[in-house]
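# Structural characterization, general
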Amino acid sequence: MKALRISKLEKTYANGLHALKGINLEVAQGDFFALLGPNGAGKSTTIGIITTLVKKTGGKVFVYDYDLDKDVVEAKSMIGIVPQEINFSQFETCMEIVLNQAGYYGIRRRKAYERAEKYLTQLGLWKKRNDTSRTLSGGLKRRLMIARALIHEPRLLILDEPTAGVDVELRRSMWQFLREINRQGTTILLTTHYLEEAECLCRNIAIIDHGQIIEHSSMKSLLGKLHIERFVLDLDSPLKTLPVIDGFNLYKVEEDDAIIEVEISRGQNLNDLFSMLSDRGINVISMRNKSNRLEELFVRLLDKDTREKV
Amino acid sequence: MSRSRLYLTAFSTIVIKEVDRFTRIWVQTILPPAISMALYFLIFGNLIGTRIGEMQGFSYVKYIAPGLIMMSIINNSYANVVSSFFGAKFQKHIEEMLVAPIPNFIILLGYIVGGVARGMLVGLVVTLVALFFTKLHIHSYTIVIAVVILTSILFSLGGFINAVFARKFDDISIIPTFILTPLIYLGGVFYSINLLPEFWQVASKLNPILYMVNTFRYGVLGVSDINIGYAFFIISVFIMILFVFSLYLLHTGKGIRS
Ligand SMILES: Nc1ncnc2c1ncn2[C@@H]1O[C@H](COP(=O)(O)OP(=O)(O)O)[C@@H](O)[C@H]1O
Ligand SMILES: [Mg+2]
């Protein structure tokens, strides 16, 4: 049994925007899973459908084998959700917010109170339990949303970009907290647009772009593909033809003959490259990394995708 | 966990939250109707009322008291649900309920009972205010309680539907201002429709609020312009229609699920 199974999920919004184009996704029990993609890729739409805030236009969702269409009460009971946007009442206190949420999941007051104490303490909110939510800092609001999502002790915790706009220190402590929760057995599905975050936390990953899953694999095998990096070299004079250098793939840049690009895999020696270039009378003035790794990854995956289609 | 326990806990959570909300802001919810009621009684009851004389055998202040109480109940049950549900939509915390395993009818019932609670509390407060100005002997407690509950259910549903369709804060005052208030004022709060020309008597009978005001007045004073059994029938039919419509709106996710 999978914690989450999504098949051929489709969403076309009322304005005609085709946000999800038949995606498939599986998250194993106990997994720490990243759904990675740039803004507008369809991450929140996917999460919205799983939590029933967005109505799907096609496909199926199973949460611990409960069909979201048929066994919606059971399916929802399994899930805890930390949404992308703050969504609690500005006028309620931290305590009221988590206690009410417990009530919505059928947890009686006494038990809810015990759990509220546990999770508010773990998330550093116990002293602020009687403060109204609007007086909390941005970081504490995020933590309150995590406490709220955990109050019914869900088996699948879903976090939609939990660290977007959060400072480094809080991000680190949140990562640590999530690792611990996962270690204790909660399956975690997290969306992010930071590759580093996914790399740091997750065992498995799916990459979504323009409403399509373009990669669904283990973090390890994905990172394997990232061992190649592309650098841009500025030369002191234009080149007529691209030199051939053993062991290195060089590329011309169309607009500018005085720039070439090179793919370097991990372990390759840059000194070799530079000396072989200068042997041929080519002098490098400066060098820079072509792009961030996420973009690089997309380019590569999309290239592969289009190649496969052609 | 059994379904019934889950639903019951969720339901009572919503009700407690709703009651907490309007009692916490009692200066905006409970006090204003008490003040305006005192003014109505002072001006229409005591100052002008003494010149009007009797209506259907009662002093004018006594005659309008039930209608004014009913007016507060209607306004407040409506206002409670429309502002609470719209606020939840606007601040997005309605999502807390939507992601939880709560069926739609429980959400709806929770908001209705919240509205009924405010309607009844305000009704009680303004009745106490009324007792400063006139004595009220209750003709039939059963009828009084039944019509108060049914009326506040009906207008809680009305407020709910208004909130579902509202997109901005202005939208939650349009119906109260342009429909509810005129219907209340023309619903026999201040006069017996027997005083009206034939045509307006018939027209008044198309106004559902007339039935509630008169049933309540009958419960208190024992006089009515209309048949009480028929009035209960009309109110129940309206409740059924609005309840089904509200459930339908929740089911389609109108205004709350994209
Ligand atoms: N309610 C909506 N109506 C219309 N389009 C929407 C709505 N919500 C999101 N979209 C669009 O759907 C696409 C996917 O959005 P989203 O799922 O929020 O992306 P992500 O979370 O990956 O940034 C975007 O193009 C976005 O503009
Ligand atoms: Mg998003």
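Note that the coordinates shown come from a computational prediction; the quantities given were computed from them, not determined experimentally.

### Regarding the overall build of chain A
Of regular secondary structure, chain A possesses 10 helices and 14 strands. By residue count, 50% of the 310 residues in chain A fall in the buried class. Here the contacts in chain A between residues at least 6 apart in sequence split such that 68% fall between residues at least 24 apart. As displayed, chain A offers around 14,800 Å² of accessible surface, 49% of which is attributable to carbon and sulfur atoms. One way to put it: in chain A the 45 positive side-chain charges average out to a point 8 Å from where the 42 negative ones average out.

### Points about the packing of helix α10 (residues 208-221) of chain B against helix α11 (residues 228-252) of chain B
Residues and elements named next belong to chain B. Where α10 meets α11, the axes come as close as 9 Å, and the angle between the chain directions of the two elements is 130°. Of the possible angle classes, the one that applies to α10 and α11 is oblique. You can see that α10 and α11 cross each other, and the crossing is left-handed. Here Pro 208, Tyr 211, Met 212, Asn 214, Thr 215 and Tyr 218 of α10 come into contact with α11, specifically with Ile 228, Tyr 230, Ala 231, Phe 232, Ile 234, Ile 235 and Phe 238. Split by residue class, the contact of α10 with α11 holds 11 nonpolar, 2 polar and no charged.

### A closer look at the packing of aromatic side chains
For the structure shown, the criterion picks out 15 aromatic pairs over all chains. Relative to Tyr 111 of chain B, the ring of Phe 85 of chain B lies with its centre 5.1 Å away and its plane at 85°, an arrangement referred to as edge-to-face. One end of the pair, Phe 85 of chain B, is in helix α4 (residues 60-90); the other, Tyr 111 of chain B, is in helix α6 (residues 104-133), with 26 residues separating them in the sequence. On the basis of relative accessible area, Phe 85 of chain B is assigned to the buried category, the value being 1%. An aromatic cluster is present here, built from Tyr 40, Phe 44, Tyr 185 and Phe 190 of chain B joined pairwise through their rings. If you follow Arg 5 of chain A out to its NZ or CZ, it ends over the ring of Phe 62 of chain A, 4.5 Å from the centre. Between Arg 217 of chain B and the ring centre of Tyr 63 of chain B, over which it is positioned, the NZ or CZ distance is 3.8 Å.

### Regarding the domain arrangement of chain A
With domains assigned, chain A is organised as domain 1 (2-224) and domain 2 (228-307). For domain 1 of chain A versus domain 2 of chain A, the separation of C-alpha centres amounts to 40 Å.

### With respect to the coordination of the magnesium ion (ligand 2)
All names here are of chain A. The coordination sphere of the magnesium ion (ligand 2) contains the protein donors Ser 44 (OG) and Gln 84 (OE1), at a distance range of 2.0 to 2.2 Å. Placement of the pair is Ser 44 in helix α1 (residues 43-50) and Gln 84 in the loop between β6 (79-82) and α3 (94-104), with a sequence separation of 40 residues. Since its relative accessible area comes to 31%, Ser 44 is described here as partly exposed.

### Description of the confidence of the model for chain B
For chain B, per-residue confidence averages 91 on the pLDDT scale, and residues scoring 70 or more make up 100% of the total. Overall fold confidence for the complex sits at a pTM of 0.85, while the interface term, ipTM, reaches 0.88.

### Details of the site of ligand 1
Residue and element names in this part refer to chain A. Lining the immediate surroundings of ligand 1 are Tyr 13, Asn 15, Leu 17, Ala 19, Pro 38, Asn 39, Gly 40, Ala 41, Gly 42, Lys 43, Ser 44 and Thr 45. A distance of 2.7 Å separates an oxygen atom of ligand 1 from a polar backbone atom of Gly 40. Backbone polar atom of Ser 44 to an oxygen atom of ligand 1: 2.8 Å apart, as the coordinates give it. A total of 560 Å² of accessible area belongs to ligand 1 in isolation, and the protein chains cover 65% of it. It is α1 that provides the largest number of residues to the shell around ligand 1, a total of 3 residues. Taken together, the residues of the shell around ligand 1 break down into 5 nonpolar, 6 polar and 1 charged.

### Digging into the interface of chain A and chain B
Buried accessible area, meaning the area lost when the parts come together, often serves as the stated size of an interface. With 31 residues of chain A in contact, the opposing surface of chain B contributes 27 residues. Roughly 2,700 Å² of surface becomes buried between chain A and chain B when both sides are summed, with 50% attributable to carbon and sulfur atoms. Summed over the shared surface of chain A and chain B, the number is 4 salt bridges. Here Glu 96 of chain B and Arg 148 of chain A are joined by a salt bridge, their closest N and O atoms 2.7 Å apart. With 6 residues, α3 of chain A is the largest single contributor of residues to the side of chain A that touches chain B.

### Describing the sheet that holds strand β5 (residues 66-67) of chain A
Residue and element names in this part refer to chain A. Here 4 strands make up an open sheet; going across it, the order is β2-β1-β4-β5 and the pairing antiparallel. Two strands bound the open sheet, and with one partner strand each, they are β2 (18-28) and β5. Sheet topology places strand β1 (residues 2-12) next to β2; 8 bridges connect them, and they run antiparallel. Within the sheet, the bridge partner assigned to Ile 6 lies in β2 and is Leu 25. Together, β1, β2 and β4 (58-63) form the strand contacts of α1, whose direction differs from that of β1 by roughly 115°.

### Observations regarding a nonpolar patch on the surface
Residue and element names in this part refer to chain B. Where nonpolar side chains cluster on the molecular surface, the patch consists of Trp 26, Val 27, Leu 31, Ile 35, Leu 39, Leu 42, Ile 43, Phe 44, Leu 47, Ile 48 and Ile 52 and spans about 960 Å² of accessible area. Only α2 (26-29) and α3 (31-52) provide two or more residues apiece to the nonpolar patch. The residue Leu 31 is located in helix α3 in this model.

Reading the values: the criteria
- Residues numbered from 1 in each chain as written.
- Chains lettered and ligands numbered in written order.
- Predicted model: local features only at pLDDT ≥ 70, side-chain atom pairs only at ≥ 80, totals over all residues.
- Heavy atoms only, no water.
- Helix = DSSP H or I, 4+ residues; strand = E, 2+ residues; numbered from the N terminus.
- Buried < 20%, exposed > 50% of the residue type's maximum accessible area, 1.4 Å probe, protein only.
- Contact = heavy atoms within 4.5 Å.
- Areas by Shrake-Rupley, 256 points an atom, 1.4 Å probe, with all protein chains shown as cover.
- Lys, Arg positive; Asp, Glu negative; His and termini not counted.
- Charge placed at Lys NZ, Arg CZ, Asp CG, Glu CD.
- Axes fitted to C-alpha atoms, helices over the stretch in contact; angles between N-to-C directions.
- Parallel < 35°, antiparallel > 145°, perpendicular 65-115°, else oblique.
- Left-handed = near helix turned anticlockwise from the far one by under 90°.
- Nonpolar A, V, L, I, M, F, W, Y, C, P; charged D, E, K, R; others polar.
- Phe/Tyr/Trp six-rings, centres within 6.5 Å; stacked < 30°, edge-to-face > 60°.
- Lys NZ or Arg CZ within 6 Å of the ring centre and 35° of its normal.
- Domains from an automatic or database assignment.
- Donors = N, O, S within 2.8 Å, 3.2 Å for Na, K, Ca; no water.
- pLDDT = per-residue confidence, 0-100.
- Near = heavy atom within 4 Å.
- Polar contact = N/O pair within 3.5 Å; in protein donor to acceptor, adjacent residues only side chain to side chain.
- Buried area = accessible area lost by both parts, 1.4 Å probe.
- Salt bridge = Lys/Arg side-chain N within 4 Å of Asp/Glu carboxyl O.
- Pairing = 2+ DSSP bridges.
- Patch = residues over 30% accessible without salt bridge, like charges linked within 9 Å, V, L, I, M, F, W, Y side chains within 5 Å.

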